[in-house]
Every structure is written in C-alpha cells, then in structure tokens.
Amino acid sequence: MLIHGLCDNYIPVDAAKGSCAISGQPVVFDGESCGNFIAAPHCLNCKHFLDVKTSELGECSGFGKVAWVYPTMRARNCEKYVNCKNI
Amino acid sequence: MKISVRAAKLREQYFNTLSTASLEFPYWYSRKYDELNYEIPVVRRAEALKCAFSNIPTTIWPDELLIGSKTADYRGSFPMPWLSAGYFTARAKEFLQAADLAEAASDCEQFGAGGGNVTQSFGKVLSIAGKFGMRAENIPALVKLAENWENRSVEDLGRRYEKIVPEYQEKERIMESLICMFDSGYTLPQGREVINYFYPLQYGYDDLIEHCEDMAASVAGSADGDGIVGMDRLYFYIAAKIVLQGIQQWYLNYAREARRLAGKLPSKSGELLEIAAIMEHIAHKPPETFRQALQLIYLVHIAALNEDAISGLSPGRIGQVLYPYFEQDSLSGRITETQVIELLECYRVKMTCIDCFASTGVVGGVLSGNTFNNVCVGGLTKDGQSAENRLEELIIETGMSCQTTQPTLTVLYDEKLSEGFLLKAAECVKTGVGYPAWVNNRNAMDFLLKQYGTEGMTLEEARSVAIGGCLETSPCCWHMLNLHGKNYTIPGGAGQPTSVGVHFIANPKVLELVLNNGYDERTARQVLQPHNHELADYSELWQTFCDYYEQIVDVLVKTNNIQHDIWRKQNMAVYSSLLKPDCLEIGQHIGNMGYRYNATYNVESCGQVNTINSLAALKKLVYEDKKYTLLELREAMKENFGYMTAQAAGNFSMLMQKKRADYDGRYDEIHFNCKKAPKFGNANQYTDELFLQYEQWFCEMCRNYQSLYAEPLYACQISVSTHGAQGMVTQATPDGRLSGTTFADGSVSAYPGTDTEGVYALMTSATCWDQPQSQNSQLNLKLHPTAISGRAGTKKLLEITRAYLRKGGFHVQYNVVDSKTLLAAQAHPEEHRELMVRVAGFTQYWVEISKPIQDEVIARTQYEKV
C-alpha cells in the first residue's frame, strides 16, 4: 500500500501525522495515499541504495565507501540522491 | 490584544503535535565522523556537524513567516549518542521488540496523553523515555547508531576515567540514592547561558568565513608565546570555517525547499518566494531588515541547539539586540507595529516548538520537558540609563496576545525603569501566564562583579547582564553594531554554560543521611562512611551536616570535572564558540577558555527550606525542649508518622495524605509537634537565623572547589522540578513533611501552607541573608486573581514586587491562578490543553508536567489578599 508518509507531497508534523502540500489537508502517516502519490526522496528510492535482505537496514554506495543506511531516511538534501522510483 | 490569525493557526498546530525524535542528524554526523578517524578532533567534529547540517530535512509548514526547525518535525529533536549511548544500548532488545509489536498493531490514530508527550507507544510510533515518539521502522537504525558509539561516547569515556577518582564508588552510591540529580558532562553540557547573535548580525556568514580563512593563515605555525594552546588556533579557525559552510548550506536548503513548495502551491508562492529570498540573503550577508534579523537569530539559536544537548540557551535581551532593525524599518515605513507583532508571535510559537532530547531522568525529572529560552527586558544601558524600548513593550504585549511557554520573559528590574514599562509587565503577569519573572538587576550586577571580577568584569560590562535558562545570572558584554551607517550598542552573552558542575543536591536527603549515620533506607546502601557521632547537641548535628555535604560536593566536583574535560576534548562546541567573545578574536574554542568569562561552574541545591524547617524542629524539640529523643524522632520518621507513602496515597503534596489502615496513632503527637515547630517564611527570628547561618556557610563553601577551568564554583539556588523527583526518594523529615512528597519549590519559597503571616513576612525571611553571594535565589508566590484585580491591583502587584526587590530579594515570580482551576485541570486535563502554570523558573503547560509537581503547585499557599 502506498502511504501518505512516503509521498513527496507529505509535510511531516510529527511521528504519526502531517499534511498534504497539495490538498492542504491533515493526513495520517500510515494512511493510504491518493492517486497523486509521488515517491518522496527517501534512501530506499535512491539508486545508490542497496537492499540488504538479511537486515532491516540497507547500504549506501553514493559516497564511495559503502556505509549502512536506513531505508526510510529522508534524503531530499543529500547531494548524491538519485531517484530511481519515479522515472 | 488578540493573537493574529496566522500565529493562532501555528499555535493550534503545536497543541496537536507530538514530540518526535528522528535520526537524520545523528546518522550524518556519525557517518562523517567515522570516515575521518585520522583528523584533528576539533576539525573532525566540525566536518561531522557540517555534514549533518547539510543533509538534515528542511521542512516548511504552511502559513509560516519564520522558518526552520531542529529536525523535519514540528516539535522535533534527536538523540546524540556521541554524548550518551548507554540508555539506548541498555534497552536495545526492548526497543526492537516494541518495534515488532508496533508493526503488528493497526490503530495508528491513538495519541498519547499529556499534551505532546508520547507517554505510550501506539500504532507504528514507539515511545522513547515516556516523552518522544519515534517511527517504529527507524528503531533498528537507532540501535545501530547507539551501538556505534558504545565505549567512546562522552559518558562511557568519562566513566572510564572517573573510576580513577578514589571515591568513585561513593559517587555511584550518591547518584543511585538521588542525593544528586544528574551528571552534567554528558546530559546537558551546555546551556543556562545567554547566546550572542552579534557576529552573524554584524558580519554575515561570507565575511565570517573569510575572517576564519585569514586568521588561519596568519596563525598557522605560530605559537605566539603560548606553548600549550597557541598552535590550536589554526585548527579552531579551520573548524569554524567548516561549520559555517555547513550552516550556509542548511539555509540554502531551506531556500530551495521554499522554491519547490512555491511551485506546488501557486496561492502561497508569494510568501514562499519571499522566504527563499530572505534565506538566500542571510546565508551569505548580514541582515538588513527586522524580519531578516529575526529569522537569522532564530536559526542561529536552532543551530546552537543542534550542535549539542542544551537546555536553557537564552536569547537574552533581544528587544535591545533587534532594536536597530526595528527602529530603522519603522522610521522608513518598511514595517508596521502590527507586522512586528505578527512576527514576534510567530517567533513565540517557533521557540515553543523547541524540544530537548536528553536522558529520561533529566528531561522529566528536572526540566519537566521545558527548554528555558529566557528573553530579558529592561535593565540598564552601558552608560547606566534605562535600557527599555518600544520593541521590548511589543515583546511583552506579544507575551500576552500569544500565550505560549517560550520564550519565557524576565524583567531586569532597576529603579531607572519607567513606571509605565513596569506596569505593562505587571499586566502581563496578571493574565496568569506565569511570566515575566522579576529579577533584581543590581543584585545580578553585584553577583557578576564578585564572581567574574578576576576575569575582568567591569561595572559597565556588568550592566549587560541577562538571565540564562530559568534563573541563572550570566555574564554578558556589549558590542557596537553598525546598521546602515548608524551605531548601536547591543548586549549579548560572553560566558560559558552555567549550572554545570554539581547538579542539585537534595539537602533534606543529606540531613537524612546524617540522622541515619550515612545509610540510605531506600537503596539499602551505606552511601557515606558512618560518621558515628552521637549528635548530642545542635552544633554537632550542624557540623556533621556540613561535613557530609562537603564530602558529597568534593567527589561530585572531581567526577564532573573529568566528564566535562572529556567533553571539551571530544565534543567541543564549534558553532557556539564562534558566536561568543572572544573566541573568534583569539582563536580558541570554549574548551580552551576562548570565552571571556569561564568561572561559570556551580553547585546547585534543592530543598533548602525543608532542611531549615527540619533543623529548626530538631533544635527546638530534641535539643532545647528535650521533648523527644533523636531516636524517637527517627523512628517516627521511618514510620512516616503513621501515614501511607505518597506513592501509595497517589498524591505528592501534604494535601490528601492518608494514614495506614493498621496505624494505632502512636506518632500523632510527635507529628503534630513537628508541624508546629517554627517554620521559615514568617519573619521568625528562630528560623531566619538558621537560614542565615546556612546561606553564609553554603555560599562560602562552594567557593572552596575548583572547576576544570581552575575557577572557583559558586552557589546556584533554584529547584526547577527537582523538588518533585528528589522529594519522592526522601523519607519523612523532622519538619513533618511526609515521605515521598515534594520539597518546597525554589529556594526561598515557603513550604506550602506554612507561611501564615502574610506575604511581607515571607519576604522578610527570604531576605535575611545577602542574596548576591549566590547566582540567584528563587521565590514563587501564588496569588488569587481577585487579590490583584483591576488597575489598582496592577499597581499593588508592582508595589509588592518592588518592596521585595528593594529589600534585596534576587527574584520573584507569580502564579496568578485559582487553585480550584488547577484541581479541575488535574481531573480533566483534556479540557485544559492551553493552561500554563509557573513551576520554578519556568512556565509549562499543565498537562505536560508530572503529577508530583502538579500536586505541589496545587498545594502552594494561595494568597487571597496582598
């Protein structure tokens, strides 16, 4: 299920809720998103993200040396972020 | 005056927001730090900070005029495992299991009780320390980060070296018994100080970076007569430049986000593009307008708070700092007072959103979740004239129209302030918001001259004083700010953090140890070596109390010095350092004593009044009247005078306590006489003499100890919320107080219900000693609103205040509230989300303070008439 909290239009307020930049309405993080869903720039949507199947964490290869990373990290300001989900 | 529509919306959002912890900052900080294990420590830390600032999310919320926040969340904060990782590693398994449980849960719309406190996990949100919510899917990363810092955090490293202090085991027992509330070196190593905004305001970041580059080149390779830290200047300038570049990038990220949102929201694009332009300007250049300056000082503040775990970083006298911009914008017609008020209201909401993530005992037990961002108004100019101005009046007005907990306000009361200004402040108090507090400006100056004279404090410089944190008198200085060709003298902080050192010794608990020969019943530990004195007379009792106290301070000073020394070597402030004089001038950070004033470490105490009342009861009942033996009294206290414990009774004040079902009444008489013994706060010579003796000893005793900077410590006498936590672990006391109940708040507030002779008698007792010997004293009064109603009531309030301060009182603050309202709020918190009360040096939302403190505020003596 695509959820509000992982949408590019989601403006976080706290751990449970935020608002939608387009509708201006409050939304729940885990609530089902509408048809306008665009994947937000989180690490799991980056081409440098490596899914490590044995762990809940992943790896980032964006800065040369591979380092662990967590999939839901907000990465809009990461200079190496390259979206691979909304192409 | 009514709150603006914009600020009302933003404040409403605050009321519906949960405290939220996130991980972007610690992730990027840790990743970069680990990459640079070859680097000079200060440069390594600077690179880590730059990386974190450059990468953290930059949320802009709808309707904001002022933007920026610690994290992506409205009320966000984050852990700093490089300071202390033990809490998380110790609970790693528990956290991970809870994350699994949360995954299985489905109802994600149940929010925790207690305002924004996430007291329980729900849905996919995990409660951390009963306060912060964190997304369950981020918990594995939290555990990974904490494990990454294990054995090398300031706490872990400090502990390793602390153990070399011969009395270390004694220290552990002192902490375990809660005679001392907490270590400061890895919990809140900075704060309780006044920030300084001058350099970014005057020069802007491009010029500051250029200055750092020039200075680095000029000092490279030269010790210039200082063989110990002379060479360190190069690394500090390099580090400062790196951090400033990170801060610039952070601002520019906000600008980019504003432009992105402008593209999505055509109806808001005008405001968003204006925000973008402001951010692009202040990322490089000094501000030119009031709005730019306010935006800049807010972000400077947030950056300092993100650099280290800090509570009580006070903006200081910002009405005077920002006055140049206010004056020139007003005269040129660039801004109206209505627009200034709207901006100041937005500022209040933004400051209220600040949360501090520190260890659980500190945030809940000491701070009550407050962050103590104190704005001072009034005081004197450098040349000794009243410093009040029109902008300060608007700051007070905004405190009334936009009632929020932050920033709290303090009037630096001086006889030179105008009557109109003081009456406006009194009107604000009457609204029931708990601010402004009133501080005696001359006492504050006297304290600074005494404590910082050897570091060069002059009378003119002492006039720049402001309050750090809730009530910590802090050394400041003057700078000449030039705006569009006109010069202004503005104040700002110039000293290291205060309330670092020995954090809150529970005086009644020390007396309990004296009476029990060093043994703590609660932890079943011999905390201190048995004194084996018979305590045959009062003077032996008093001397043993002093001896035990000094023994406690001695070991805590040594161990805390080690913690702070590790902090300054591993985790030194770079951004905060460059803000304060004279770091940029001399090329040294805080750890190398780059600040102008470094004698800021202190000994904090709690429960003074209960101790004095207890000493009075012992003196009278045991030693003079010989009504009871010490043994009899000790037994009665151990049995809690026949009452249930406060925990069992469910109430933490003396109200509504219940006797045990099996109790046969044998301690009734002794309890009656303990309560009847002389009590502080009634202009009673018997207790006032004991109080004077205590203060003379305490203030002098503190000076016998040295901080890691080889400067003398001093007395700090405030309670914050420790009177709740430390009262909970203290047995019944000889003054009749029952086990587990709170102590009296503040330092010269009467114990609830014992001040029977009226407010002036209390003030007479409170001023029986020379208050500028201490960094502060704290008097809290609860007035019924009808006692000061109307215009005549406002004048009456000012007259009481003036009378106290003229007698030499350091500080007084008021709760103007009906106790019935508080009882109703306790019964129905959901109907009182906006209710604020003054606790001890700070105003907090009723629903976010703990039950013991709520009970204590309810129980305080309510003055119906003054």
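Chemist: Mind showing me how you'd approach the sheet that holds strand β6 (residues 67-69) of chain A here?
Modeler: Strands in a sheet are paired, the pairing made by backbone hydrogen bonds, and the direction either parallel or antiparallel. Residues and elements named next belong to chain A. One open sheet holds the 3 strands; their spatial order is β4-β5-β6, and the pairing between them is antiparallel. Looking at the sheet topology across the chains shown, the edges are occupied by β4 (49-51) and β6. With direction set aside, neighbouring strand axes in the sheet form an average angle of 40 degrees. Inspection of the sheet shows strand β5 (residues 58-60) paired to β6 by 3 bridges, in the antiparallel sense. Across the sheet, residue Cys60 finds its bridge partner in β6, namely Ala67.

Chemist: For this particular structure, what's the right way to read the domain arrangement of chain A?
Modeler: The extent of an interface is frequently quoted as the accessible surface area lost upon association of the parts. All names here are of chain A. For chain A, the assigned domains read domain 1 (1-40) and domain 2 (41-87). Taken together, the 4 residues of domain 1 in the interface contact 5 residues of domain 2. In terms of residue class, the side of domain 1 that touches domain 2 is built from 4 nonpolar, no polar and no charged.

Chemist: Which parts of the structure should I look at to understand the interface of chain B and chain A?
Modeler: Taken residue by residue, the interface counts 37 residues in chain B and 23 residues in chain A. Sorting the residues of the side of chain B that touches chain A by element identifies α2 (24-35), α3 (41-55), β4 (132-135), α6 (139-149) and α10 (232-264) of chain B as the ones contributing at least two each. The residue inventory of the side of chain B that touches chain A, partitioned by class, reads 16 nonpolar, 11 polar and 10 charged.

Chemist: How do you make sense of the nonpolar core when you look at a structure like this?
Modeler: With 303 residues, the main nonpolar core has Val510 and Val574 of chain B as its most contacted residues. In this structure, this core is formed jointly by two domains, domain 1 (1-40) and domain 2 (41-87) of chain A, each of which donates at least three residues. Setting aside its immediate chain neighbours within four residues, Val574 of chain B contacts Val42, Arg45, Ala46, Leu49, Ala239, Ala240, Val243 and His589 of chain B. In terms of nonpolar packing, the next biggest core, distinct from the first, is built from 5 residues, Leu6, Tyr10, Val27 and Ala40 of chain A among them.

Chemist: Help me understand the packing of helix α21 (residues 507-515) of chain B against helix α22 (residues 538-570) of chain B, please; the structure alone is not making it clear to me.
Modeler: The description of two packed helices rests on the angle between their axes and on the distance between the axes. Residue and element names in this part refer to chain B. In the contact formed by α21 and α22, the axes pass within 9 Å of each other and the chain directions differ by 115 degrees. Relative to α22, the crossing made by α21 is right-handed. Only Leu541, Thr544, Phe545, Tyr548, Tyr549 and Ile552 of α22 make contact with α21, whose side of the interface consists of Val510, Leu511, Leu513 and Val514.

Chemist: Would you mind going over the pairing of strand β7 (residues 310-314) of chain B with me for this structure?
Modeler: Within a regular beta strand, the side chains point alternately toward one face of the sheet and then the other, so they alternate between its two faces. All names here are of chain B. Taking burial as the measure, the 5 residues of β7 include 5 buried ones, the bulk of the element. Of the strand pairs in this sheet, strand β6 (residues 190-194) and β7 are connected by 4 bridges, and their pairing is parallel. Across the sheet, residue Gln190 finds its bridge partner in β7, namely Ile310.

Chemist: Would you mind going over the pairing of strand β20 (residues 779-783) of chain B with me for this structure?
Modeler: Residues and elements named next belong to chain B. Among the 5 residues that make up β20, 5 are buried, leaving the element largely enclosed by the rest of the structure. Here β20 shows two buried faces, one formed by Leu779, Leu781 and Leu783 and the other by Asn780 and Lys782. Pairing of β20 with strand β21 (residues 811-816), which is carried by 5 bridges, proceeds in the parallel orientation. Paired with Leu781 across the two strands is Tyr814, which belongs to β21. In this region the chain leaves β20, passes through helix α32 (residues 790-806) and returns to the parallel neighbour β21; the handedness of that crossover is right-handed. Bridge count between β20 and strand β24 (residues 862-863): 2 bridges; the pairing is parallel. Residue Lys782 lies in a different strand from β24, and its bridge partner there is Gln862.

Chemist: I keep staring at helix α8 (residues 168-176) of chain B and nothing clicks. Help me out?
Modeler: For the α-helix, the turn length of 3.6 residues means that residues three or four positions removed from each other point alike. Residue and element names in this part refer to chain B. Buried within α8 are the following residues: Glu170, Lys171 and Ile174. For α8, the arc enclosing every buried residue in end-on projection is 100 degrees, short of the 170-degree limit, so these residues lie on one face. Looking at the buried residues of α8, the elements they touch are β5 (180-182) and α22. Positive backbone phi, at 65 degrees, marks Leu178, one or two positions downstream of α8.

Chemist: Where do I start with the environment of Trp250 of chain B in this structure?
Modeler: Residues and elements named next belong to chain B. By the secondary structure assignment, Trp250 is in helix α10. Its 24 C-beta neighbours within 10 Å are what place Trp250 among the buried residues. C-alpha separation for the pair Trp250 and Lys50, spaced 200 residues apart in sequence, amounts to 8.9 Å. In contact with Trp250, not counting residues within four places along its chain, are Phe53 and Ser54.

Chemist: How should the packing of helix α18 (residues 419-433) of chain B against α32 of chain B be read in this particular structure?
Modeler: Residues and elements named next belong to chain B. Look at α18 against α32: their axes get within 9 Å of each other, and the N-to-C directions meet at 105 degrees. If you check the angle between α18 and α32, you find them roughly perpendicular. Together, Leu422, Leu423, Ala426, Glu427, Val429 and Lys430 of α18 and Thr794, Leu797 and Leu798 of α32 make up the contact between the two elements. For the contact of α18 with α32, a count of residues per class yields 6 nonpolar, 1 polar and 2 charged.

Reading the values: the criteria
Residues numbered from 1 in each chain as written. Chains lettered and ligands numbered in written order. Predicted model: local features only at pLDDT ≥ 70, side-chain atom pairs only at ≥ 80, totals over all residues. Pairing = 2+ DSSP bridges. Helix = DSSP H or I, 4+ residues; strand = E, 2+ residues; numbered from the N terminus. Axes fitted to C-alpha atoms, helices over the stretch in contact; angles between N-to-C directions. Domains from an automatic or database assignment. Contact = placed C-beta atoms within 7 Å. Nonpolar A, V, L, I, M, F, W, Y, C, P; charged D, E, K, R; others polar. Core = buried A, V, L, I, M, F, W, Y, C linked by C-beta atoms within 7 Å. Buried ≥ 20, exposed ≤ 12 C-beta atoms within 10 Å, placed from the backbone. Left-handed = near helix turned anticlockwise from the far one by under 90°. Right-handed = clockwise from strand over helix to strand, strands pointing away. Arc of directions from axis to C-beta. Parallel < 35°, antiparallel > 145°, perpendicular 65-115°, else oblique.

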